[in-house]
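# A look at the structure
These are the residues of each chain, in order.
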Amino acid sequence: MNTPNQNIKPITTKINSNGNIEIGGCDLAELANKYGTPLYIYDEQTIRSITKSYKDAFKNYPMVNMMFAAKAFMTKSICKIMRQEGFGLDLCSGGEIYTAKAAGFDMTKALFNGNNKSYDDILLAIKCDIGTISVDNFFELALLNNVAKSENKSIRILLRITPGIECHTHEYIQTGHLDSKFGFDLTQIDEAIELIKDEYKNLNLIGLHAHIGSQIFETKVYNDEIDVIFKEIKRIKEKHGIILKEVNLGGGLGIKYTEKDNPISIYDFADVITNAIDTYSKQYEIEKPVIFIEPGRSIVGTAGVTIYTAGSSKQVPHGRKYFAVDGGMSDNARPSLYQAEYTVEIANKANDTTQEEVTIAGKHCESGDILAKDIKLPIIEEGDIICFYTTGAYGYSMSSNYNRVLKPAAVLVNNGKSDIIINRQSYEQLCESDVIPERLN
Ligand SMILES: Cc1ncc(COP(=O)(O)O)c(C=O)c1O
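Note that the structure is a prediction, hence the values are computed from the model and not measured.

Let us now look at the overall build of the protein. Helices and strands together make up the secondary structure of the protein, namely 12 helices and 21 strands. The buried share among the 441 residues of the protein stands at 49%. A separation threshold of at least 6 residues defines the contact pool for the protein, and within that pool the share at least 24 residues apart is 71%.

See the structure below:
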């Protein structure tokens with residue numbers, strides 16, 4: 001069965017009678033008029049359809065905790081939606097923990113990840129009664145135990161391991177290969193367990209965690225990941241007499257940015273995981289564990305689009321035609337960071353069949369600030385509304401104020417209604433943290 005991560009557009013996308021693109025029953029040109037551009041637009045039905053697909057796909061394996069990887073898109077509203085959908089949260093900073101707590105999220109359903117959690121991050125997590133912490137390294141084991149001891153708490157922990165699996169995705173978003181900044185090497189696990197047993201009495205080791213990468217299209221890597229983890233669980237049981245009952249498999253399921261991408265469905269993802277659990281629990285004679293999965297991109301990526309207004313243009317003599325939009329690398333770092341490609345349309349010219357090759361540039365003082373290179377679009381005119389699909393993940397969450405450009409607003413659309421979920425940043429907010437020392441006055 002096809003799932004929304006296999007489509008480029010949100011499930012409610014249509015062309016309306018004005019010849020404009022409509023998402024969630026809202027005309028994108030009207031949204032541009034009402035809220036200004038750049039604007040992030042999230043289709044609530046697509047998000048909920050994806051969370052439902054995840055739940056349905058895993059219904060035969062009831063011991064799965066679905067955790068939304070908040071790094072993909074974190075706001076208070078998304079926390080509310082995730083809770084309503086029965087998802088927990090995978091959080092990776094004090095700021096994400098604070099946001100979830102401020103949204104009234106049940107923090108016992110949250111998990112804390114990261115490779116350099118600070119004392120303050122850990123204290124905040126413990127004070128919020130976070131459900132589980134995934135420990136990344138020896139430094140953190142000691143720090144976490146100290147904080148837990150001073151708070152008189154016992155903390156459920158997973159050990160994050162690097163399983164040595166290389167997936168075919170961009171180097172910057174591979175994480176499970178051996179030379180990675182994340183997690184314990186398998187050869188370090190015995191030492192970590194001895195420390196937990198002998199010294200770190202406030203840590204309760206319940207399982208292992210791995211995350212092999214992001215924007216993954218293959219199934220075999222998940223099978224291999226489960227093989228490595230279950231084998232390690234058997235080894236730990238034999239060597240230390242400890243039975244680990246929980247396993248976090250990370251996130252990573254890919255989405256379709258352009259026609260070149262061919263991601264697997266959420267059902268195929270669930271099948272490969274549940275089949276591998278069957279196979280390797282038998283092979284290594286271990287009980288089937290409670291599983292965590294922590295998808296981010298596949299939950300919000302397809303649901304989100306960004307609209308811009310076209311501004312200046314430049315025809316290089318005998319070269320490219322550039323059209324610049326009113327945003328760029330500050331609202332979407334992915335093209336300049338790892339050459340990410342997108343599908344683009346003109347929201348107010350959806351039925352226009354003319355085509356020319358253009359390059360869409362951002363407005364930042366950086367030659368690398370190109371959002372889409374050599375794409376075919378109807379002839380663009382100043383004031384047109386340019387829609388970039390699949391920007392829902394790692395767009396807003398990686399946004400910056402480079403060149404002091406303001407961060408855009410975000411709206412949630414559903415059944416013809418649009419609601420602001422992030423206000424457009426103001427110039428006052430931009431300068432709010434700046435301080436002029438007395439001696440400069
Ligand atoms: C530990 C961990 N879990 C989950 C995710 C989410 O991955 P994705 O958005 O590809 O599903 C990431 C992303 O980098 C991660 O580092």
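So much for the structure itself; the text now carries on.
A few words on the sheet that holds strand β1 (residues 14-15). Read across the open sheet, the 3 strands follow the order β1-β2-β3; overall the sheet is antiparallel. Bordering the open sheet on either side are β1 and β3 (26-27), each of which pairs with just one other strand.

Take the domain arrangement of the protein next. Its domain assignment divides the protein into domain 1 (4-42 + 301-431) and domain 2 (44-300). Using only C-alpha atoms to locate each centre, domain 1 and domain 2 end up separated by 32 Å. With 31 residues of domain 1 at the contact, the number on the domain 2 side is 26 residues. Of all the elements in the fold, those that place two or more residues in the side of domain 1 that touches domain 2 are α11 (334-338), β20 (409-414) and β21 (417-422). Here the element with the most residues in the side of domain 1 that touches domain 2 is β20; it accounts for 3 residues. Looking at side-chain class alone, the side of domain 1 that touches domain 2 contains 17 nonpolar, 13 polar and 1 charged residues.

Let's shift gears to the site of the ligand. Around the ligand sit 18 residues in total, of which Ala69, Ser214, Gly251, Gly296 and Arg297 are the nearest. Residue composition of the shell around the ligand, grouped by class: 5 nonpolar, 9 polar and 4 charged.

Our focus in this paragraph is the nonpolar core. The biggest cluster of nonpolar side chains holds 127 residues, and the ones touching the most others in it are Leu28, Leu89, Ile307, Ile386 and Cys387. Sort the elements by how many residues they give to this core and helix α8 (residues 220-240) lands first, with 8 residues. Residues lining this core come from more than one domain, with at least three contributed by each of domain 1 (4-42 + 301-431) and domain 2 (44-300).

With that settled, consider unusual backbone geometry. With the exception of glycine, most residues fall at negative phi, and the peptide bonds are largely trans. Residue proline 38 is reached from threonine 37 by a cis peptide bond, and omega for that bond is -5°. When you line up the elements, proline 38 lands in the loop between α1 (28-35) and β4 (39-43). For glutamate 285, which is not glycine, the phi dihedral falls at a positive 50°. Tracing the backbone shows glutamate 285 in the loop between α9 (266-283) and β13 (290-293). By the C-beta count within 10 Å, which is 9 here, glutamate 285 ends up exposed. At threonine 390, a position not held by glycine, the phi torsion is positive, near 50°. Positionally, threonine 390 belongs in the loop between β19 (385-388) and β20.

Our next topic: the pairing of strand β14 (residues 304-315). Examined bridge by bridge, β4 and β14 share 4 bridges and lie antiparallel to one another. Bridging from a neighbouring strand, tyrosine 40 pairs with threonine 306 of β14. Of the strand pairs in this sheet, β14 and β19 are connected by 4 bridges, and their pairing is antiparallel. Of the residues in β19, the one forming a bridge with tyrosine 308 is isoleucine 386. The pairing of β14 with strand β15 (residues 321-325) spans 4 bridges and is antiparallel. Looking at β15, one finds that glutamine 315 is bridged to lysine 321. Taking the residues between adjacent antiparallel strands as the criterion, β14 and β15 are bridged by 5 residues, where histidine 318 takes a positive phi near 60°.

As a further point, take the pairing of strand β17 (residues 356-361). Bridge count for β15 against β17 is 3 bridges, and the pairing is parallel. Pairing of alanine 324 across the sheet is with alanine 361, part of β17. The pairing of β17 with strand β18 (residues 370-377) spans 5 bridges and is antiparallel. Looking across to β18, one finds that alanine 361 is bridged to isoleucine 370.

Okay, the environment of tyrosine 257 next. Relative to the elements of secondary structure, tyrosine 257 occurs in the loop between β12 (246-248) and α9. Classification of tyrosine 257 by C-beta neighbours within 10 Å gives buried; the count is 21. Remark: the alpha-carbon pair of tyrosine 257 and alanine 324, spanning 67 residues in sequence, is separated by 21 Å. Those residues in contact with tyrosine 257 that lie beyond four places of it in its chain are Ala340, Glu341, Tyr342, Thr343 and Thr390.

Another aspect to go through is helix α5 (residues 119-127). When α5 is considered as a whole, its buried residues turn out to be Asp121, Ile122, Leu124, Ala125 and Ile126. Those residues of α5 that are buried lie in contact with α4 (94-102), β7 (110-112), β8 (132-135), α6 (138-150) and β9 (155-162). One or two steps after α5, the chain reaches aspartate 129, where phi turns positive at roughly 60°.

This paragraph deals with the packing of α5 against α6. For any two helices packed against each other, the geometry is given by the interaxial angle and the distance between the axes. Two elements in contact, α5 and α6, have axes separated by 10 Å at closest approach and are oriented at 45°. It follows from the interaxial angle that α5 and α6 lie oblique. Viewed along their axes, α5 and α6 form a crossing whose handedness is right-handed. From α5, Tyr119, Ile122, Leu123 and Ile126 reach across to α6, where they touch Leu143, Leu144, Val147 and Ala148. The residue makeup of the contact of α5 with α6, split by class, is 8 nonpolar, no polar and no charged.

Our next topic: the packing of α8 against α9. Taken N-terminus to C-terminus, the directions of α8 and α9 make an angle of 30°; their axes are 9 Å apart at the nearest point. Every pair of crossing elements has a handedness; the one defined by α8 and α9 is right-handed. The residues of α9 that touch α8, namely those facing Tyr222, Asn223, Ile226, Asp227 and Phe230, are Val272, Ile273, Ala276, Ile277, Tyr280 and Ser281. Within the contact of α8 with α9, the residues separate by chemical class into 8 nonpolar, 2 polar and 1 charged.

Parameters and conventions
Residues numbered from 1 in each chain as written. Predicted model: local features only at pLDDT ≥ 70, side-chain atom pairs only at ≥ 80, totals over all residues. Helix = DSSP H or I, 4+ residues; strand = E, 2+ residues; numbered from the N terminus. Buried ≥ 20, exposed ≤ 12 C-beta atoms within 10 Å, placed from the backbone. Contact = placed C-beta atoms within 7 Å. Pairing = 2+ DSSP bridges. Domains from an automatic or database assignment. Nonpolar A, V, L, I, M, F, W, Y, C, P; charged D, E, K, R; others polar. Near = placed C-beta within 6 Å. Core = buried A, V, L, I, M, F, W, Y, C linked by C-beta atoms within 7 Å. Axes fitted to C-alpha atoms, helices over the stretch in contact; angles between N-to-C directions. Parallel < 35°, antiparallel > 145°, perpendicular 65-115°, else oblique. Left-handed = near helix turned anticlockwise from the far one by under 90°.

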